[in-house]
Amino acid sequence: MDFALTPEQTSFRDEVRSWLAKNLPKDWSDRMRVGSDVPRPEVYDFLRGWQRKMYDAGFMGLTWPKDYGGRGLTFMEEMILQEQIALAKAPPVLNILAIGMAGPTIIAYGTEEQKRRYPAKMLSCEEIWCQGYSEPNSGSDLASLQTRAEKVGDHYVVNGQKVWTSIAHEADWMMLLARTDPKADKHKGITYFLLDMHSPGVIVKPLRQLTGDAEFNEVYFDNVKVPEANILGGLNNGWAVGMTTLMYERLALGFGLQVRLRIALDGLVDLAKRSKKNGAPATQDATVRQKLAQLWIDTEVFKCTGARAVTKLLKGELPGPEASAGKMMWVEGHQRLQELAMELQGPYSQLGRGSQWAVDGGVWQYSYLRSRANSIEGGTTEIQKNIIGERVLGLPKG
Amino acid sequence: MNFGFNEEQELLRSTARKFFDNECASEIVRKLMDGPEGMTPDLWKKIAEQGWTGLIFPDEHGGMGLGFVDLVVLMEEMGRAVVPGPFFSTVLLGGLAIREAGTDAQKKAWLPKISSGDARATLAWMEPSAELGARGITLQATAKGGGFTLNGTKLFVQDAHTADVIVVAARTGSGQSPQEGISLFLVPKGTPGMSVTLLPTMDQTRKLCEVGLKDVVLGAEALMGQAGSGWTPLARVIDRATVALCAEMCGGAQKVLEMTVEYAKIRQAFGRPIGSYQGVKHKAADMLVDVENSKSITYYAAWAMDEGVPEGPLAVSMAKAYVSDAYRRVAGAGIQLHGGIGFTWEHDLHLYFKRAKGSEFTFGDATWHRERVAQLVNL
């Protein structure tokens with residue numbers, strides 16, 4: 001057991017640290033200070049530029065092979081990078097679905113041509129990706145999905161609908177799961193396609209969330225043509241490919257979420273120091289101290305459990321179902337954090353953007369509301385518990 | 001970075017697992033906990049022969065010279081088997097206090113005997129006030145004729161009734177802060193004026209005593225280190241013992257999880273295994289998260305102790321706060337998911353449930369450690 005960095009890792013850390021210090025936009029850290037940790041549509045353009053800057057500096061795709069636009073480094077460097085991003089409260093990566101899910105899956109399952117075509121443009125943010133999994137009638141029971149892809153000549157024709165599709169209105173590509181063999185067992189007739197969002201017949205309709213923002217969408221497919229060459233991982237093999245994506249997603253979450261939780265926690269502590277309770281700073285209140293300390297502990301525990309997973313990866317093991325535990329834990333911690341932010345504001349928590357009385361311009365109200373999605377997106381907490389129960393603990397299926 | 005155990009540590013784990021499976025199965029635990037000593041001379045000898053009583057003591061004093069990351073492995077296995085007896089008090093309390101605070105002569109006199117299993121030790125620091133901080137130490141040690149006279153009562157002293165020597169924390173003076181003026185003394189068994197009373201405990205595998213000191217006269221050689229500066233080493237001992245306790249708790253929680261999952265796979269209700277119901281499955285998933293997180297933070301704290309990093313005390317308090325809550329939750333859920341059988345004396349779950357509760361309040365509960373975390377991170 002050893003948490004110390006090697007001299008090479010130390011110099012990498014210093015390189016990241018000084019680059020961030022030099023390049024971090026000043027006004028961004030002011031916005032992050034108050035803990036709003038999910039990018040809102042109004043900052044997409046800014047984030048596109050920021051990711052490009054990170055890419056040009058060589059800080060995107062650290063663990064991806066050099067041949068496909070990455071740096072060919074280990075998860076250790078990735079962890080160091082993420083930690084520095086948290087400490088500097090740097091902006092999040094806009095193309096996160098590409099970096100966290102689509103890219104690793106293409107690198108794992110793609111043809112040489114696909115691997116040369118797609119990953120590099122994900123890193124540079126030239127092409128944004130969204131995820132076409134959920135449908136109006138298929139959420140947690142994803143394998144029941146109904147969107148069809150039928151073979152016509154050398155391409156497939158897609159018809160159907162996806163929903164809760166984050167960032168689809170900005171996306172150039174979609175990871176699409178569609179049914180290619182309706183007669184087969186429900187897990188066996190699904191194929192994973194790389195779908196060009198600019199194809200004729202793709203219709204994106206923004207969906208307003210309870211936050212008031214339209215961060216996600218409905219996506220309709222009306223006879224959309226997809227070339228056969230855009231199948232990833234083989235015909236009718238989409239379930240296995242899609243599940244790999246999800247494992248990478250939860251792994252990426254392990255890194256990314258820990259960073260976001262730390263940034264949000266620092267914002268919360270700052271808020272607590274500025275808030276008053278019974279005429280004194282809220283941080284002097286025994287109950288508030290207990291709650292803050294518990295969040296602090298949970299954030300560090302989360303980091304340690306993540307570091308244990310990284311140790312396994314460094315030894316060459318693949319990300320496994322354990323990643324579900326990390327997702328679950330983050331969700332619970334982050335929602336509790338946002339609740340505490342409301343509690344600290346007391347009656348002021350009722351005031352939102354636009355009021356001169358609103359705390360920190362009303363940003364907490366947004367992040368509080370947004371946090372309700374955490375336990376639904378990327379697999380509900382209930383599904384994560386099924387995965388842990390069945391695939392980690394070996395309990396029988398219901 | 002490497003957040004895993006090496007081959008020797010894995011070997012220690014499998015050796016210890018086999019040892020306690022053979023030598024300290026639950027029927028043995030039950031026999032031991034019924035007796036006043038919680039241990040047989042035979043089992044104690046076997047434990048010592050493994051070298052474990054000397055695991056953390058230096059080679060020169062007959063130990064193995066290993067660290068807390070190594071110790072954590074052994075403690076997890078001991079917690080898994082709910083091993084009763086004076087191992088914890090001898091090694092992690094009395095022995096460690098002598099290692100941290102003793103003079104060369106005191107170390108030479110006691111550590112080889114502790115390492116070989118020929119002597120048992122413990123630490124008496126808490127008092128009826130149940131205060132964990134330095135302020136709680138009020139037992140008076142008055143300087144007299146080159147020696148000291150001790151008067152007062154110590155409580156919650158582990159295994160004092162079987163200890164050959166007790167390290168007693170006393171007040172020899174006062175200063176600007178409660179940390180000043182605390183001294184540690186070595187008080188051998190049978191010292192005139194010292195009385196030891198075994199107390200009935202909820203967790204019968206852990207023996208606690210009251211130690212009364214009435215006009216106990218000690219020579220200068222009983223003083224450990226400098227008079228008045230005992231708090232610093234004492235705090236180091238308590239932090240380290242806390243990490244060892246957390247590891248023991250992790251091992252117990254892991255075992256409860258395993259018992260519960262096995263039961264949920266075979267126990268049928270409404271025609272299918274109860275583990276197939278989400279009401280059971282989801283609770284088991286929560287237990288797994290508690291167990292894995294407990295291990296993560298405990299391993300980190302153990303590493304922090306070995307490396308002596310500045311954030312060591314913070315790591316200890318984060319671990320104890322987390323693990324105290326987690327083990328209690330896991331042990332409670334274990335009983336719940338077993339149903340009626342889990343509430344019987346016959347089933348082993350109560351041994352873990354009681355150990356969880358006792359451990360929760362040993363060296364500070366979650367609330368106490370959360371406040372310490374708040375202070376250490378400058379809230």
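What counts as what
- Residues numbered from 1 in each chain as written.
- Chains lettered and ligands numbered in written order.
- Predicted model: local features only at pLDDT ≥ 70, side-chain atom pairs only at ≥ 80, totals over all residues.
- Helix = DSSP H or I, 4+ residues; strand = E, 2+ residues; numbered from the N terminus.
- Buried ≥ 20, exposed ≤ 12 C-beta atoms within 10 Å, placed from the backbone.
- Contact = placed C-beta atoms within 7 Å.
- Nonpolar A, V, L, I, M, F, W, Y, C, P; charged D, E, K, R; others polar.
- Expected span 1.5 Å × (residues − 1).
- Bend = angle between axes of the 7 residues up to and from the residue.
- Axes fitted to C-alpha atoms, helices over the stretch in contact; angles between N-to-C directions.
- Parallel < 35°, antiparallel > 145°, perpendicular 65-115°, else oblique.
- Domains from an automatic or database assignment.

Enquirer: Would you explain the overall build of chain A in this entry?
Expert: Counting secondary structure elements, chain A contains twelve helices and ten strands. Considering chain A as a whole, with its 398 residues, one finds that 48% of them fall into the buried category. Within chain A, contacts between residues separated by at least 24 positions form 71% of all contacts whose residues are at least 6 apart in sequence.

Enquirer: So what exactly am I meant to see when it comes to the environment of S199 of chain A here?
Expert: Residues and elements named next belong to chain A. On the secondary structure map, S199 appears in the loop between β5 (190–196) and β6 (202–207). Residue classification places S199 among the partly exposed positions, given that 15 C-beta atoms sit within 10 Å. Taking the C-alpha atoms as reference, S199 lies 8.3 Å from V226; in sequence the two are 27 residues apart. Setting aside residues no more than four positions away along its own chain, S199 makes contact with V224 and K225.

Enquirer: Hey, could you run me through the interface of chain B and chain A in this one?
Expert: Reports of interface size often rely on the accessible area that becomes lost once the parts have come together. In this complex, chain B contributes 37 residues to the contact, which on the side of chain A involves 33 residues. At the level of secondary structure, the elements contributing two or more residues to the side of chain B that touches chain A comprise α7 (231–266), α8 (278–307), α9 (312–338) and α11 (366–376) of chain B. Considering every element that reaches the side of chain B that touches chain A, the biggest residue donor is α8 of chain B, with 14 residues. In terms of residue class, the side of chain B that touches chain A is built from 23 nonpolar, nine polar and five charged.

Enquirer: Looking at this structure, I do not really get helix α5 (residues 96–109) of chain A. What am I missing?
Expert: Every α-helix winds through 3.6 residues per turn, so residues three or four apart in the chain are directed the same way. Residue and element names in this part refer to chain A. Between its terminal C-alpha atoms α5 stretches 19 Å, which fits the 20 Å expected from 14 residues at 1.5 Å a residue. A maximum bend of about 35 degrees is found in α5 at A102, where proline P104 lies one to four positions downstream. Across the 14 residues that make up α5, a large majority, twelve, are buried. Within α5 the residues assigned to the buried category are I96, L97, A98, I99, G100, M101, A102, G103, P104, T105, I106 and I107.

Enquirer: I tried to follow the packing of helix α9 (residues 286–314) of chain A against α9 of chain B on my own but got confused; where do I start?
Expert: Helices that pack against each other are described as a pair by the angle of their axes relative to one another and the distance between those axes. At a closest axis distance of 10 Å, the pairing of α9 of chain A and α9 of chain B adopts a crossing angle of 95 degrees. The orientation of α9 of chain A with respect to α9 of chain B, classified from their angle, is roughly perpendicular. Counted together, I297, E300 and V301 of chain A of α9 of chain A and M318, A321 and Y322 of chain B of α9 of chain B form the full contact between these two elements. The residue makeup of the contact of α9 of chain A with α9 of chain B, split by class, is five nonpolar, no polar and one charged.

Enquirer: Even after reading the chapter, I still don't get the domain arrangement of chain B, so can you show me in this structure?
Expert: Residues and elements named next belong to chain B. Considered domain by domain, chain B is made up of domain 1 (7–119), domain 2 (122–228) and domain 3 (232–376). On the domain 2 side, the residues contacting the 21 residues of domain 1 number 19 residues. When residues of the side of domain 1 that touches domain 2 are traced back to their parent elements, those giving at least two are α2 (26–34), α5 (87–101) and α6 (104–116). In terms of residue count, the dominant contributor to the side of domain 1 that touches domain 2 is α5 (eight residues).

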